[in-house]
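If you want the building blocks of each chain, they are given just below.
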Amino acid sequence: MPITDHEGLDALCASCGIVLDYYDIRGQRHEPSVEVKRSLLAALRLPVDSDDDIRCRLRQVESRKWQTVVAPAVVCRQNDLPMRLMLTLDSSQIDSAITWQLNEEAGQHRHGEWQINPADAIDESVVDGTRLMRFEVTLPGLTDTGYHHLVIKAGDDAGAQTTLIVAPETCYQPPELADGTKIWGISLQLFSLRSERNWGIGDFTDLQSVVEIFAPLGINVLGFNPLHALFPHLPQNASPYSPSSRDFLNPVYLDVEAIDEFIHDSEVKRLVMNPEFQTRLQDLRGLELIDYEEVWNIKLQVLRLLYQAFKKKHLDTDTVRVRAFRQFQDSGGEDLFKFALFEALQAFFYRQDADIDCWQEWPEAYRDPESETVARWADEQGAEIEFHQYLQWNAEQQLSAIHENCTRHDMCIGIYRDLAVGNA
């Protein structure tokens, strides 16, 4: 039966937090179709196939709001304390005191009780034949920002729980700024930096040079574009604001010649110093615009050779360098492994068919990282997965060196990733 009650459908969506329209970056308004709304509601376990379903789900959603003693989370600003809570109680729960136990984030534990007067109810409803009343209560004594845990016991209820989130009135301000001291800094796009030694794109060594250039000037802050991982199989899609992962780095920013294997491997050095190779590098440096595809291709060619040199020299031995790599793998754990697995799988399928540019287009058996098919592939392609871990390891090493340099200069460096490095 087709849906004709569009107002009811919109009301149901709104009650579930589904936005009914949005404006894109160009100012164009978009409104989800009926099918999209139904799909989102189904994902919330509220499927609707008819107008009757809509009315039923609206009643269901409304009744849900009355079926918990307290909301799962309550937020307020520190300046708005003491915190006020809404409690939903039935008549049997009102007959005795409502007790509470607060476990604050800092480790303090407090308890107390509320005496409820039915005449103070601010709203009421009947749900499944039970009369429910809503009351507003105040939680005394809570003063610190943070995430706190509250347990409320009302009547025979086993204990309703909620997270109390107390936010500061404003963001943290360093003491220097709070005292009126001014700081200054610059914002740069790392990829746009030019140098006589990079490979056609700004890299981590260029970033080190920037630190050395500006530190004597007393600069306090350096801000950079996001450096997180993109999609190396499509280097031309170079927007730093469209990451494949915000937890890992984009290896295109590696200074290839600063990697230990390059420094000590004469064969790779001969390849790079070859006049033909040097001409390619010089051409890349001389371009008005960055040739992302060629930059990545030329770096990838050498990075694969460096990984092979690393395997040959280190992986069958117990050198300091291989121990550091194994420690990096261990500390990265499952997240690092799955990221490297994703990178290896995408490269594998893209080499077979250039029309496969995202994981949704992989063969279905490979789309679940926990599947037996993927596990078998990972066992067979362990070196390819390890190669991508090797790239991340070197990227983290080079970025950590920049961090240490900033610390020496008492400089804060802000990199738009899920971290900030340097002395804050």
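Look up a bit, the structure's there.
Residues numbered from 1 in each chain as written. Predicted model: local features only at pLDDT ≥ 70, side-chain atom pairs only at ≥ 80, totals over all residues. Heavy atoms only, no water.

1. Thoughts on the overall build of the protein
Inference 1: When helices and strands are counted, the protein shows 13 helices and 16 strands.
Inference 2: Relative to the 2.2 N^0.38 estimate, which gives 22 Å for 424 residues, the radius of gyration of the protein is 29 Å and therefore markedly larger than a compact globule would have.
Inference 3: C-alpha extents for the protein along the principal axes are approximately 90 × 65 × 50 Å.
Inference 4: Taken over 424 residues, the protein has a buried fraction of 39%.
Inference 5: Long-range pairs, those at least 24 residues apart, make up 63% of the contacts in the protein with a sequence separation of at least 6.
Inference 6: Of note, the protein has its 38 positive side-chain charges centred 3 Å away from the centre of its 68 negative side-chain charges. (Helix = DSSP H or I, 4+ residues; strand = E, 2+ residues; numbered from the N terminus. Rg over C-alpha atoms; globule rule 2.2 N^0.38 Å. Buried < 20%, exposed > 50% of the residue type's maximum accessible area, 1.4 Å probe, protein only. Contact = heavy atoms within 4.5 Å. Lys, Arg positive; Asp, Glu negative; His and termini not counted. Charge placed at Lys NZ, Arg CZ, Asp CG, Glu CD.)

2. Focus on the pattern of salt bridges
Inference 1: A full pass over the atoms with the stated rule returns 22 salt bridges.
Inference 2: For Arg197, the salt bridge is made with Asp255, and the minimal N-O distance between the two is 3.3 Å. Here Arg197 is found in the loop between β11 (185-188) and α6 (204-214), whereas its partner Asp255 is found in the loop between β14 (245-249) and α7 (260-264), with 58 residues between them in sequence.
Inference 3: Arg197 gets classed as partly exposed once you look at its relative accessible area, which sits at 28%.
Inference 4: Overall, the relative accessible area of 7% leaves Asp255 in the buried class.
Inference 5: Put simply, Asp10, Asp21, Arg29, Glu31 and Lys37 are held in one network by salt bridges that share partners. (Salt bridge = Lys/Arg side-chain N within 4 Å of Asp/Glu carboxyl O.)

3. Focus: the environment of Gly202
Inference 1: Looking at the secondary structure, you find Gly202 in the loop between β11 and α6.
Inference 2: Linking Gly202 and Gln189, residues 13 residues apart in sequence, is a C-alpha distance of 8.5 Å.
Inference 3: Aside from chain neighbours lying at most four places away, what touches Gly202 is Leu190, Phe191, Leu193 and Tyr253.

4. Digging into the sheet that holds strand β6 (residues 109-114)
Inference 1: As summarised here, the arrangement of the five strands in space is β3-β10-β9-β5-β6, forming an open sheet in which the pairing is mixed. The strands lining the two open edges of the sheet, one partner per strand, are β3 (73-77) and β6. Taking each pair of neighbouring strands and ignoring which way they run, the sheet shows an average axis angle of 25 degrees.
Inference 2: As paired strands, strand β5 (residues 98-103) and strand β9 (residues 146-153) are joined by five bridges and run antiparallel to one another. Looking at the pairing, Leu102 lines up with Leu150 of β9. (Pairing = 2+ DSSP bridges. Axes fitted to C-alpha atoms, helices over the stretch in contact; angles between N-to-C directions.)

5. Here we look at empty space enclosed by the protein
Inference 1: Applying the stated criterion across every chain yields a total of one cavity of 30 Å³ or more.
Inference 2: What the largest cavity holds in volume is close to 200 Å³.
Inference 3: Lining the largest cavity are 17 residues, with Leu230, Pro235, Ala238, Asn250 and Val252 positioned closest to its centre.
Inference 4: Counted by class, the lining of the largest cavity contains 14 nonpolar, two polar and one charged residues. (1 Å grid on protein atoms, 1.4 Å probe; cavity = no way out; pocket = protein on both sides within 12 Å on 5 of 7 lines; lining within 4 Å. Points joined across faces, edges and corners; volume = space filled by probe spheres on them. Nonpolar A, V, L, I, M, F, W, Y, C, P; charged D, E, K, R; others polar.)

Remember that the coordinates give geometry; whether it matters functionally is a separate question.
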